[in-house]
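Chain and residue survey
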Amino acid sequence: MLTRRRALFTFTGSVFLLSGCRLPGVLTGVEKTRDATDMQADVKRFVERRNAALRSHDEQAWLADVDTSNAALMASQKLHFANLRKFKWETLQLSSGPGSGPLVAEPQRHTKTLPQNVDGFKVRMLSKMAGVDKASSASDFIYLFAMMNGRYMLIDVGPDTDDYRATYDSPWELTPLTVAKRGDVVLATDGSVPDFDTYVKVATRASAEVRRDWLSNPAPSGFALFLTRRPASYKKWFGAGTPSWSEGVEIPLYGATTDKIDVTGHYVGSRVVVNMEIAIKADNPLGVMKHEITHAISTAVQPIDIELGPVSGAAGTGLSLSAPRWAVEGFARYIENRGTPAAGDRWVIRDGLAKGLLRADLPNNEHFYDDKYRSFNYSLGWSLFQFIAEAKGHATALKVYVELVSRASFGNMQGSDALFDALYRLKLQRDAFVTTRSSLFWQQWTAFLHRM
């Protein structure tokens, strides 16, 4: 499954955390706060100390000026630091700027009430995983500080979820991880997956098979996969809100710099989460990993998927500028099935045709994952690339896919119009403008469906 988090309300330049009257806190030694300039200088020094701790792998330096009376906060900060050390990073650093605070504060993850004089600051973590990411991406946090016994202390931390271009709830922030690296694959698990070493081998095989079928197209240097059998973790990790019915999800990463996110060009990497509870029960971990790695490898040729949120506070769903999901999911299913009879998809096609699920056009993005049509839509997308491969060869099926996803299209160009446009550009169709009724390709493909 491919996911894109949508931005709802984003306030440029600052974050507003609204809270009502605060109850008396339980912290001791809290003193009156200072002016914004002094606070920002203290936060900057705090961030610099943490960056030095990351470089030197010094846990005590990372925990310096963290409120030791908050056991949950201390445990969380130790966990975060320990997990970060298990990965190899080319870039891993925190930053805060003049536009990052102070903010009106409210409790984050590790406090229920706050004392009167607490200041919130937005802190950004830039990360580039070695051998996986093309450039750095961002995760944003809200750090809460208070003056305690003459020191500006960290009293709470939580994710900033306002910016859809930044990740949050990364697994290394939430749970102890076991991490392995083999070949071009970094694999991590939360301890819920038995026989982890076996799945390291499966992931390595999945990557090799996807790269083989990707031919000479641009590709990421590596892939990062996170495995869990826990439904809550699967839904929460990387802020994806992943539905429980899915077997895996790929989260694309937007490129970021210290003070501005680059929303042009291509993605800089991705994170894959695999729902091993379903994958193991279906005896299909290899297929699930191939499917999601296909999404991940596609980021090398796929432009940024822009989801414009509601305008002026309107309650609409926004305007989508993205590749057709029938192509993205259908091609991933096609690669997943390469070298197999794909009996399941053939059965879904036959059953869907009998139930009248084949519509007058290819499914649009808005309704692709609707319960009634979801399974049929996946198999329908698979069948289109399978048909091209049987008629023209795998290389041609791949060319059609790359042509489709390398040119983002608006919502009214996500059905058959996108397909016909790609076929025409590749000289697989003579006329620039055809309809499903007049297209020879469409007639041949639907006949292929009825022969299954």
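Going by the structure above, here's the rest.
Note that the structure is a prediction, hence the values are computed from the model and not measured.

Cut-offs used in this document
- Numbering of residues starts from 1 in each chain and follows the order in which that chain's sequence is written.
- In view of the model being predicted, local features appear only for residues whose pLDDT reaches at least 70, and side-chain atom pairs are presented and counted only at 80 or more, with totals across whole chains, interfaces and linings using the full set of residues.
- Excluded from the side-chain calculation are hydrogens and water; included are all heavy atoms of the structure.
- The helix and strand labels rest on DSSP assignments: H or I over at least four residues marks a helix, E over at least two residues marks a strand, and numbering proceeds from the N terminus.
- Paired strands, as defined in this entry, are two strands with at least two bridges between them according to DSSP.
- Note on geometry: axes are C-alpha line fits, over the in-contact stretch for helices, and angles between N-to-C directions span 0 to 180 degrees.
- The criterion used for residue contact is that any of the two residues' heavy atoms lie within 4.5 Å.
- In this analysis, rings of Phe, Tyr and Trp, with Trp reduced to its six-membered ring, are considered paired at centre separations within 6.5 Å, and the interplanar angle assigns stacked below 30 degrees, edge-to-face beyond 60, and tilted for intermediate values.
- Partly exposed describes any residue whose relative accessible area lies between the buried limit of under 20% and the exposed limit of over 50%, with all areas from a 1.4 Å probe on protein chains only and scaled to the type maximum.
- Counting as a charge over the ring demands two things of the Lys NZ or Arg CZ atom: a distance within 6 Å of the ring centre and an angle within 35 degrees of the ring normal.
- Every case where a carboxyl oxygen of Asp or Glu lies within 4 Å of a side-chain nitrogen of Lys or Arg is listed as a salt bridge.

The next subject is unusual backbone geometry. For H57, which is not a glycine, the phi torsion comes out positive at approximately 60 degrees. One can find H57 in the loop between helix 1 (36-56) and helix 2 (59-63).

Attention shifts here to the sheet that holds strand 3 (residues 137-148). Spatial ordering of the open sheet is given by 1-2-3-4, a layout of four strands whose pairing is antiparallel. Unpaired on one side and paired on the other, strand 1 (89-95) and strand 4 (151-159) mark the two borders of the sheet. Taking each pair of neighbouring strands and ignoring which way they run, the sheet shows an average axis angle of 30 degrees. Inspection of the sheet shows strand 3 paired to strand 4 by eight bridges, in the antiparallel sense. Looking at strand 4, one finds that I142 is bridged to G158. Strand contacts of helix 1: strand 1, strand 2 (119-129), strand 3 and strand 4, with the helix running at about 160 degrees to strand 1, the strand carrying the most contacts. Sheet strands touched by helix 3 (residues 71-84): strand 1, strand 2, strand 3 and strand 4. Its angle to strand 4, the strand with the most contacts, is close to 70 degrees.

For the rest of this paragraph, the subject is the packing of aromatic side chains. In this structure the tally under the stated criterion is 32 aromatic pairs. Taking the centre distance of 5.1 Å and the plane angle of 80 degrees together, the rings of F46 and F145 count as edge-to-face. Note that F46 is positioned in helix 1 and F145 in strand 3, a separation of 99 residues in sequence. Each member of the pair, F46 as well as F145, is classed as buried. These aromatic residues form a ring-pair network of at least three members: F46, F121, F141, Y143, F145 and Y152. Positioned above the aromatic ring of Y373, the side-chain terminus of R359 is 3.9 Å from the ring centre.

A word on the sheet that holds strand 6 (residues 185-189). Ordered in space as 5-6-7-9-8, the five strands form an open sheet in which the pairing is mixed. Across the chains shown, the open sheet's two edge strands, defined by having one partner strand only, are strand 5 (178-182) and strand 8 (248-253). Across the sheet, the mean angle separating the axes of adjacent strands is 20 degrees when strand polarity is ignored. Seen against the sheet, helix 5 (residues 196-214) touches strand 5, strand 6 and strand 7 (223-228) and runs at an angle of roughly 145 degrees to strand 6.

Turning to the pattern of salt bridges, a few remarks are in order. Summed over the entire model, instances satisfying the criterion amount to 28 salt bridges. D184 is the salt-bridge partner of R211, the closest N and O atoms lying 2.5 Å from each other. With a gap of 27 residues between them, R211 in helix 5 and D184 in the loop between strand 5 and strand 6 connect regions that are remote in the sequence. What makes D184 buried here is its relative accessible area of 17%. Among the ionic pairs, R229 bridges to E277, the shortest N-O distance being 2.8 Å. Placement of R229 in the loop between strand 7 and helix 6 (231-236) and of E277 in helix 7 (residues 276-281) is noted, with a sequence separation of 48 residues between them.

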